[in-house]
Amino acid sequence: LRRLNALNSDLQQAISAARRVFDMMDRESEIRDRPGASALPPFSREIRFDAVAFAYEDATVLDGIDLTIRKRETVALVSASEAGKSTLALTLAGLLPPQGGRLAASDRLAQGLRTEPIRWRSRDLLTRIGTVFQSPEHQFVAGSVRAELEVGPRVLKLGEGERRSRVDELLE
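Fair warning: this is a prediction, and the values are worked out from it, not measured in the lab.

## Details of the overall build of the protein
The number of helices and strands found in the protein is 6 helices and 3 strands. Counted from the first residue to the last, the protein has its helices and strands arranged as α-β-β-α-β-α-α-α-α. When the 172 residues of the protein are sorted by exposure, 29% land in the buried category. When contacts within the protein are restricted to residue pairs at least 6 apart in sequence, long-range pairs at least 24 apart make up 56% of them. Here the protein has roughly 11800 Å² of accessible surface; of this, 50% comes from carbon and sulfur atoms.

Okay, here's the thing in C-alpha cells:
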C-alpha cells in the first residue's frame, strides 16, 4: 500500500510537471526568426561548444568546454555530483545561454535561424534535441525511452507514421 501511495505521488508530480512543460511550449516566443527563415529540417551535421563557460553566482561550473556532437552520436556526461552535467545539458538544449564562449549549430542545422540554440523557439528546439536519462524510471515526462522521444513530435502534431519514423531513426 505504501509503494502504491508513493507511485501515485510520483505520477501526480510527473503529470503536473508535464502540464507546465506543455504550457510553456504553447506560449508565443518573444524571439523572432529572420525574415525569410525556413523551418528547421531534421538534425543534420553537428552542434559545437567553443570554450563554453557557465557560473552560478560565484561558483564556476563550466569553464572552457570544447565539444562537438555530430548526428547520430551518443554522448554520456559522467562526473561527480555538482560538476555541471545538468548545466551543460540545459545549455545544449537551448535553455540556458553560455556565460562565456559560444554554443553554435552548423549552418545547415540552423537553416536561416541564428546559430545559437538559445535564440530558437521551443518548437524548433523540439525537433533537434532530446534527452534520455540513464534509468527509464527517471524519464521526465514518459515511462519509456520511445515515449519520451515521441514527446516533441507529438507536440508538433506530427502524424503517427512521421513520429514513428523519427523515433525509429533516433533509436538506431
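## Describing the sheet that holds strand 3 (residues 100-105)
Reading across from one edge, 2-1-3 is the order of the 3 strands in this open sheet, with antiparallel pairing throughout. Edge strands, defined here as strands with exactly one partner in the open sheet, are strand 2 (59-70) and strand 3. Averaged over neighbouring strand pairs, the angle between their axes works out to 20° when direction is ignored. Along the sheet, helix 2 (residues 85-92) makes contact with strand 1 (46-56), strand 2 and strand 3, crossing strand 1 at roughly 130°.

## Description of the packing of aromatic side chains
Under the definition given, this model contains 1 aromatic pair. Aromatic pair Phe-54 and Tyr-56: ring centres 5.0 Å apart, planes at 65°, arrangement edge-to-face. Residue Phe-54 is classed as buried on the basis of its relative accessible area of 6%.

## Describing the nonpolar core
Counting residues in each nonpolar core, the largest one holds 13 residues, and the members touching the most others are Ile-47, Phe-49, Phe-54 and Leu-62. Those elements giving two or more residues to this core turn out to be strand 1, strand 2 and strand 3. Ranked by residue count, the leading element in this core is strand 1, at 4 residues. Beyond its immediate stretch of four places on either side in the chain, Leu-62 contacts Val-52, Ala-53, Phe-54, Gly-84, Thr-87 and Leu-88.

## A word on the confidence of the model for the protein
Per-residue pLDDT for the protein has a mean of 75; in total, 74% of the residues score no lower than 70. Per-residue pLDDT, averaged within each element of the protein, yields its smallest value for helix 3 (residues 107-110) (68) and its largest for helix 6 (residues 160-171) (87).

## Focus on helix 5 (residues 145-155)
Taken as a whole, helix 5 has its buried residues at Glu-148, Leu-149, Glu-150, Val-151, Gly-152, Pro-153 and Val-155. Lys-157 sits one or two positions beyond helix 5 and adopts a positive phi of about 60°.

## Regarding the packing of helix 5 against helix 6
Contact geometry for helix 5 and helix 6: axes closest at 9 Å, N-to-C directions at 130°. Judged by the angle between their axes, helix 5 and helix 6 are oblique. As helix 5 runs across helix 6, the sense of the crossing is right-handed. Contacts between helix 5 and helix 6 involve Val-145, Arg-146, Leu-149, Glu-150, Pro-153 and Arg-154 on the former and, on the latter, Arg-163, Arg-164, Val-167, Asp-168, Leu-170 and Leu-171. Looking at the contact of helix 5 with helix 6 residue by residue, the classes come out as 6 nonpolar, no polar and 6 charged.

Conventions used here
Residue positions within a chain follow its written sequence, with the count starting from 1. For a predicted model such as this one, the threshold for reporting local features is a pLDDT of at least 70, and the threshold for listing and counting side-chain atom pairs is 80 or more; totals across whole chains, interfaces and linings nevertheless cover every residue. Hydrogens and water are ignored here; the side-chain numbers use all heavy atoms of the structure. Secondary structure elements are taken from DSSP: a helix is a run of H or I of four residues or more, a strand is a run of E of two residues or more, and numbering for both begins at the N terminus. Exposure is judged per residue with a 1.4 Å probe applied to protein chains only, and the accessible area is read against the type maximum: over 50% gives exposed, under 20% gives buried, and values in between give partly exposed. Any two residues whose heavy atoms approach within 4.5 Å at even a single point are treated as in contact. In these tables, accessible area is a Shrake-Rupley quantity obtained with a 1.4 Å probe, and a residue counts as shielded only by the protein chains included in the view. A pair of strands counts as paired when DSSP detects no fewer than two bridges linking them. What counts as an axis is a line fitted to C-alpha atoms, over the stretch in contact for a helix, and the angles between N-to-C directions run from 0 to 180 degrees. By convention, a stacked pair of Phe, Tyr or Trp rings (six-membered ring in the case of Trp) has centres within 6.5 Å and planes under 30 degrees apart, an edge-to-face pair has planes over 60 apart, and any other such pair is tilted. Residues enter a nonpolar core if they are buried and are Ala, Val, Leu, Ile, Met, Phe, Trp, Tyr or Cys, with the set joined through side-chain atoms within 4.5 Å. pLDDT expresses, on a scale from 0 to 100, how confident the predictor is about each individual residue. Oblique is the label for any angle not under 35 degrees, not over 145, and not in the 65 to 115 range, which are roughly parallel, roughly antiparallel and roughly perpendicular in turn. By the definition used in this description, the sense in which the near helix is turned from the far one sets the handedness, with an anticlockwise turn below a right angle giving left-handed and a clockwise turn giving right-handed. Gly falls in the polar group here, along with every residue not listed as nonpolar (Ala, Val, Leu, Ile, Met, Phe, Trp, Tyr, Cys, Pro) or charged (Asp, Glu, Lys, Arg).

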